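# A structural walkthrough
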Amino acid sequence: MVVRLAVVLALLLGVLVGEHSGAAPLARGYNGLAGTPPMGWNDYNAYGLDVTEELVRETADTMVASGLRDAGYRYVTIDDGWMAATRDAHGKLRPDPARFPHGIAALAAYVHARGLKLGIYEDAGVHTCGGLPGSLGHERDDAALFAAWGVDYLKYDNCYAGPGCADHSCPDGAEVPARDRYARMRDALLASGRPIVFSICSWGTGDVARWAAGYGNLWRTTGDITATYASLVSIFHQTVGLGGYAGPGGWNDPDMLEVGNGMTALEDRTELTLWAALAAPLVIGTDLVHARSETIAALTNPGVIAIDQDPLGRPARLVSATNGLDVLSRPLADGDTAVVLFNETDTAATITTPSPGHTATDVWTGAVATANGEIRANVPAHGAMLFRVRP
Ligand code: GLA
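What you see is a predicted model, and the numbers here were worked out from it, not measured in a lab.

### Focus: the sheet that holds strand β3 (residues 117-123)
Read across the open sheet, the eight strands follow the order β7-β6-β5-β4-β3-β2-β1-β8; overall the sheet is parallel. Where the open sheet ends on each side, the last strands, each with one partner, are β7 (251-253) and β8 (282-284). Between one strand axis and the next, the sheet turns through 25° on average, direction left out of account. For β3 and strand β4 (residues 153-157), the ladder comprises five bridges, and the chain directions are parallel. When the bridges of β4 are listed, Y121 appears paired with K155. Each of β1 (39-42), β2 (75-77) and β3 is contacted by helix α3 (residues 53-65), which is oriented at about 145° to β1, the strand it contacts most. Each of β2 and β3 touches helix α5 (residues 103-113); the most contacted strand, β3, lies at about 145° to it.

Below you can see the structure in the form of structure tokens.
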């Protein structure tokens, strides 16, 4: 009887979860999307509000030519700054005519023709952070418009979170609760009938990781990243304890990558290593058209991407942390374990940890070593070594 009930429940769940995707049932995820962390590009870290359709087209072309698309980077996302200052006479959002003279639907078609997907930005408040029209109170219309344009991904920000609120703060009682605002857009996107990945950008406020799995496919865990090692370390610490809330369909988002934006090559690799361990979305935030080959090579490392995208979807947990020397471990779908030795400090140091397996492959160098009961390495200052350990 108990068994039969369980089977019926499982079938029901399978139907509900599979509804949108046709893919294998996901362990979590309210819309069947983002079974692994989304990968793509977003203009904001490199361009701020200065986005144009030409930039998006050139970037899409570069993603194809450089192999980034084939490495898994699929979503090309237009951040804040794409809209005209006001809605039209019917209350519809419209793109800035100078920046997007051919409109968003044409751009979506361009991107789709290259095997990529289009993301766009809006805000769950009265204005976007850049002061353009927000979606609060317009959720159904805006979601339907995005779907009609062919948008595949929505990054949904949290500025001006109620009438009378400032960009990042509200007077007492003025904020419309975040959960309500994000639920309204979630429901509007579902009602639009188009599969649209929903990215919650509320900067880690209000314990968002605790509730967001039923509301979005990814949720920011912190304020905005900057292209500094200090920012990377701070965001890592704010995110690493939240792994239990994430899994297939819903991911912690420690913000977009700063790889290529001015940190050292080693720090760039450290960011990729940590983000892969955390099962974070990999959203490139650099000027790809002029990116150096070293940057492209780091971003396309297949071993790093495989760990980030591992289908088990279990983010790493901290095994030990002693005076800025951290060990992280993440189980993988094939029985391997990903192990990270991260030296946060400003001097090289040896880090040692019991080995979960027999052979350890250094994912960045390809070197294979027998792990005789332990993994030990001299890790440079600001470096993170990534091992794939076989039982
Ligand atoms: C907020 C977000 C950023 C970016 C800007 C755009 O700061 O957190 O990621 O979208 O708004 O104005």
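### Description of the site of the ligand
Neighbouring the ligand are 14 residues, the closest being D79, D80, K155, D157 and D224. A distance of 2.8 Å separates an oxygen atom of the ligand from a polar side-chain atom of D80. The separation between an oxygen atom of the ligand and a polar side-chain atom of D224 is 2.6 Å. In terms of residue class, the shell around the ligand is made up of seven nonpolar, one polar and six charged.

### Quick look at the domain arrangement of the protein
Each assigned domain of the protein is listed with its residue range as follows: domain 1 (2-308) and domain 2 (317-390). Here the C-alpha centre of domain 2 lies 30 Å away from the C-alpha centre of domain 1. With 22 residues of domain 1 at the interface, the matching set in domain 2 holds 21 residues. Contact between domain 1 and domain 2 buries roughly 1,800 Å² in total, counting both sides, with carbon and sulfur atoms accounting for 71%.

### Let's talk about the layout of surface pockets
Each pocket or cavity is described by its volume, and for the second largest pocket that value is around 230 Å³. Residue assignment for the lining of the second largest pocket shows that the elements contributing at least two residues are α10 (265-277) and α11 (293-299). The class makeup of the residues in the lining of the second largest pocket is seven nonpolar, seven polar and five charged.

### Concerning the sheet that holds strand β14 (residues 368-370)
In space, the six strands of this open sheet follow the order β9-β10-β11-β16-β13-β14, with antiparallel pairing throughout. Where the open sheet ends on each side, the last strands, each with one partner, are β9 (317-322) and β14. Averaged over neighbouring strand pairs, the angle between their axes works out to 25° when direction is ignored. When strand β13 (residues 359-362) meets strand β16 (residues 384-390), the two strands line up antiparallel, connected through four bridges. Within β16, the residue paired with A360 across the bridge is V389. Sheet strands touched by helix α9 (residues 229-239): β9, β10 (325-331) and β11 (337-343). Its angle to β11, the strand with the most contacts, is close to 135°. Lying over the sheet, α10 contacts β10, β11 and β16, oriented at roughly 140° with respect to β11.

### Looking at the pairing of β10
The element β10 is extensively covered by neighbouring structure, given that five of its seven residues are classed as buried. Linking two consecutive strands that pair antiparallel, namely β9 and β10, is a turn of two residues; a positive phi of about 50° is found at N323 within it. Pairing of β10 with β11 involves seven bridges; the strand directions are antiparallel. In the sheet register, L328 faces β11, and the bridge partner there is V340. Between the antiparallel neighbours β10 and β11 lie five residues, among them G335 with a positive phi of about 95°.

### Considerations on the packing of helix α6 (residues 139-149) against helix α7 (residues 178-192)
Two numbers describe how α6 lies on α7: the axes approach to 8 Å, and their chain directions differ by 45°. With respect to α7, the axis of α6 lies oblique. The two elements α6 and α7 cross, and the hand of that crossing is right-handed. Contacts between α6 and α7 pair E139, R140, D142, A143, A144 and A147 from the former with R184, M185, D187, A188, L189, A191 and S192 from the latter.

### Re empty space enclosed by the protein
Under the defined criterion, the tally for this structure stands at two cavities of 30 Å³ or more. One number sums up the size of the largest cavity: a volume of about 130 Å³. When residues of the lining of the largest cavity are traced back to their parent elements, those giving at least two are β1, β2 and β4. Take the lining of the largest cavity: its biggest share by element is four residues, from β1. Residues of the lining of the largest cavity, tallied by class, amount to eight nonpolar, four polar and four charged. Of the pockets and cavities examined, the second largest cavity occupies roughly 50 Å³. Lining the second largest cavity are ten residues, and of these N31, L189, L190, R194 and I196 lie nearest its centre.

Cut-offs and rules
Residues numbered from 1 in each chain as written. Predicted model: local features only at pLDDT ≥ 70, side-chain atom pairs only at ≥ 80, totals over all residues. Heavy atoms only, no water. Pairing = 2+ DSSP bridges. Helix = DSSP H or I, 4+ residues; strand = E, 2+ residues; numbered from the N terminus. Axes fitted to C-alpha atoms, helices over the stretch in contact; angles between N-to-C directions. Contact = heavy atoms within 4.5 Å. Near = heavy atom within 4 Å. Polar contact = N/O pair within 3.5 Å; in protein donor to acceptor, adjacent residues only side chain to side chain. Nonpolar A, V, L, I, M, F, W, Y, C, P; charged D, E, K, R; others polar. Domains from an automatic or database assignment. Buried area = accessible area lost by both parts, 1.4 Å probe. 1 Å grid on protein atoms, 1.4 Å probe; cavity = no way out; pocket = protein on both sides within 12 Å on 5 of 7 lines; lining within 4 Å. Points joined across faces, edges and corners; volume = space filled by probe spheres on them. Buried < 20%, exposed > 50% of the residue type's maximum accessible area, 1.4 Å probe, protein only. Parallel < 35°, antiparallel > 145°, perpendicular 65-115°, else oblique. Left-handed = near helix turned anticlockwise from the far one by under 90°.

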